[in-house]
Amino acid sequence: MDGKKISLKLEHISQSFITNNKVFDAAVDVSLEVYESEFLVILGPGRCGKTTLLNMIAGLEKPVDGQILLDGEELKGSDERIGMVFQKRALMPWKTVMENVEFGLKIKGMDKTERRKIAQKYIDLVGLTGFEKAYPDQLSGGMKQRVSIARAYSNDPHILLMDEPFGALDAQTRYAMEEELQRIWQTEKRTVIFVTNNIEEALYLADRIVLLTECPAHVKAVYEVNLPRPRDTVDPEFLRLRKEISDNTDLAL
Ligand SMILES: Nc1ncnc2c1ncn2[C@@H]1O[C@H](COP(=O)(O)OP(=O)(O)O)[C@@H](O)[C@H]1O
Ligand SMILES: [Mg+2]
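Residues numbered from 1 in each chain as written. Chains lettered and ligands numbered in written order. Predicted model: local features only at pLDDT ≥ 70, side-chain atom pairs only at ≥ 80, totals over all residues. Heavy atoms only, no water.

## What about the site of ligand 1?
Basically, it comes down to this: It suffices for a single heavy atom of a residue to lie within 4 Å of a molecule or strand for the residue to be listed as near it. N or O atoms closer than or at 3.5 Å make up a polar contact, with two conditions inside protein: a donor-capable atom paired with an acceptor-capable one, and, for residues adjacent in sequence, both atoms drawn from side chains. For the area figures, the Shrake-Rupley method with a 1.4 Å probe applies, and any residue is considered shielded solely by the protein chains shown. For helices the rule is a DSSP run of H or I covering at least 4 residues; for strands it is a run of E covering at least 2, with both sets numbered from the N terminus onward. Only Asp, Glu, Lys and Arg are considered charged, only Ala, Val, Leu, Ile, Met, Phe, Trp, Tyr, Cys and Pro nonpolar, and every remaining residue, Gly among them, polar.
Looking at ligand 1, the residues that line it are F17, T19, F24, A26, P45, G46, R47, C48, G49, K50, T51 and T52. Within the backbone of C48, one N or O atom sits 3.0 Å away from an oxygen atom of ligand 1. With respect to ligand 1, the backbone of G49 contributes an N or O atom lying 3.0 Å from an oxygen atom. Computed on the free molecule, ligand 1 has an accessible area of 560 Å², of which 70% lies beneath the protein chains in the complex. Looking at the shell around ligand 1, the elements with two or more residues in it are β1 (6–19), β2 (22–35) and α1 (50–57). Here the shell around ligand 1 gets 3 residues from one element, more than from any other, and that element is α1. Split by residue class, the shell around ligand 1 holds 5 nonpolar, 5 polar and 2 charged.

## Things to note about the packing of helix α2 (residues 97–107) against helix α4 (residues 141–154)
Let me state the cut-off plainly: The axes are straight lines fitted to the C-alpha atoms, using for helices just the contacting stretch, and the angles between their N-to-C directions are given from 0 to 180°. Reported orientations rely on four angle classes, namely roughly parallel under 35 degrees, roughly antiparallel over 145, roughly perpendicular from 65 to 115, and oblique for the rest. Each helix crossing is assigned a hand: it is left-handed if the near helix lies turned anticlockwise from the far helix by less than a right angle, otherwise right-handed if that turn is clockwise. Here a residue-residue contact requires only that any non-hydrogen atoms of the pair lie within 4.5 Å.
Orientation of α2 relative to α4, taken along the N-to-C sense of each, is 25°, at an axis distance of 8 Å. Relative to α4, the element α2 lies roughly parallel. Seen along the crossing, α2 lies across α4 with a hand that is right-handed. Contacts between α2 and α4 involve V97, N100, V101 and L105 from the first element and V147, A150, R151 and S154 from the second. Residue composition of the contact of α2 with α4, grouped by class: 5 nonpolar, 2 polar and 1 charged.

## Quick look at the side chain of E38
As a reminder of what qualifies: In this scheme, a residue with accessible area under 20% of its type's maximum is buried, one over 50% is exposed, and one in between is partly exposed, where area comes from a 1.4 Å probe on protein chains only.
Within the secondary structure layout, E38 lies in the loop between β2 and β3 (39–43). When its relative accessible area of 0% is taken as the criterion, E38 is described as buried. At 2.4 Å, the side chain of E38 and the side chain of R208 are in polar contact.

## Here we look at the nonpolar core
Soluble globular proteins tend to pack their nonpolar side chains together in the buried interior. Applied cut-off: As used here, the term nonpolar core means buried Ala, Val, Leu, Ile, Met, Phe, Trp, Tyr and Cys residues forming a set that is joined through side-chain atoms within 4.5 Å.
Counting 48 residues, the largest nonpolar core has I149, F194 and I209 as the members making the most contacts within it. Dropping the residues within four chain positions of it, I209 is found in contact with V41, L43, A202, L203, A221, V222, Y223, V225 and I245. Counting residues in hydrophobic clusters, the runner-up holds 27 residues, among them L8, C48, L53 and A217.

## Looking at the environment of R183
If you trace the backbone, R183 turns up in helix α5 (residues 171–187). You can call R183 partly exposed: its relative accessible area is 31%. Expressed as a C-alpha distance, the spacing of R183 and R229, which sit 46 residues apart in the sequence, is 8.9 Å. R183 has contacts with L125, V126 and G127, leaving out every residue within four places of it along the chain.

## A few points about the side chain of T191
Inspection of the secondary structure assignment puts T191 in strand β8 (residues 191–196). Judged by its relative accessible area of 2%, T191 is buried. Within the structure, T191 has its side chain in polar contact with the backbone nitrogen of S37 (distance 3.0 Å). Sequence-distant contacts of T191, that is, excluding residues within four places in its chain, are made with S7, V34, Y35, E36, S37, E38, H158, I159 and L160.

## Quick word on helix α7 (residues 236–247)
This is how the line gets drawn: Expected helix span is computed as 1.5 Å times (number of residues minus one). This arc is built from the directions going out from the helix axis to the C-beta atoms.
With 12 residues, α7 should reach 16 Å at 1.5 Å per residue; the first-to-last C-alpha distance of 16 Å fits that figure. Taken together, the buried positions of α7 are occupied by F238, L241, I245 and S246. Projected down its long axis, α7 carries its buried residues within an arc of 130°, all on one side. Facing away from the buried surface of α7 by more than 90 degrees, the exposed residues are P236, K243 and D247. The inward-facing, buried residues of α7 contact β3, α6 (199–205), β9 (208–212) and β10 (219–224). Measuring from the side-chain oxygen of the N-cap residue of α7 to the backbone nitrogen of E237 gives 2.9 Å; that N-cap residue is D235.

Written out as structure tokens, the structure reads:
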């Protein structure tokens with residue numbers, strides 16, 4: 001990745017919480033560079049501190065130590081250059097697909113014609129053309145996540161954070177959404193930081209994989225995945241990397 005522009009930089013980030021009058025470390029000395037337009041996957045076991053890391057990048061929690069730089073400047077609180085796609089509970093059920101997708105733009109005061117045009121572009125991009133007037137409850141889990149992706153894209157973020165966005169989907173829908181996400185990202189490249197506890201999902205999507213340790217989160221290893229997309233999950237190099245990562249972690253395959 002020599003010569004690539006650094007989009008986000010985590011410098012010696014640590015996070016602790018006080019529970020029952022005891023200090024609990026959730027992340028310790030995490031340093032990381034994320035490059036522009038890179039698809040970076042953070043891979044780690046459950047409760048290891050992945051969401052904690054994303055929350056700090058999203059500006060929802062302040063690290064107890066270290067700093068986060070966005071485009072070279074220290075990040076202070078939440079920033080509209082950073083967008084988030086959550087696992088669930090993110091859509092407003094009383095609003096249509098269109099209203100959900102255009103919401104951020106409406107808040108910013110963009111006029112209706114302009115924001116509808118942008119929202120439509122991303123509704124089309126995620127494959128939801130014709131569902132503009134549908135309500136979230138009328139959609140499948142995979143379609144709801146498409147709406148979340150379209151909404152995040154509409155706000156034109158430099159960085160998209162995705163916290164196990166497909167974790168609640170059944171296996172078949174999950175594969176379909178992984179394929180869709182790589183297609184969407186290839187069409188409109190953004191810096192993506194995608195969190196998962198699934199090795200295969202990480203290998204299918206990532207330019208680089210950051211493997212975390214058990215809690216407190218610490219960077220255990222970084223893997224570059226130089227395989228053509230869409231990835232062939234039975235390609236010998238794919239399987240070799242899967243074994244290498246799996247041998248380096250307690251994560252189940
Ligand atoms: N606000 C908080 N207060 C206390 N403990 C927390 C808080 N947020 C996270 N934790 C703890 O930090 C650890 C890591 O949590 P989390 O970042 O959600 O893990 P992951 O997303 O990898 O599953 C867990 O043990 C969790 O209970
Ligand atoms: Mg989490």
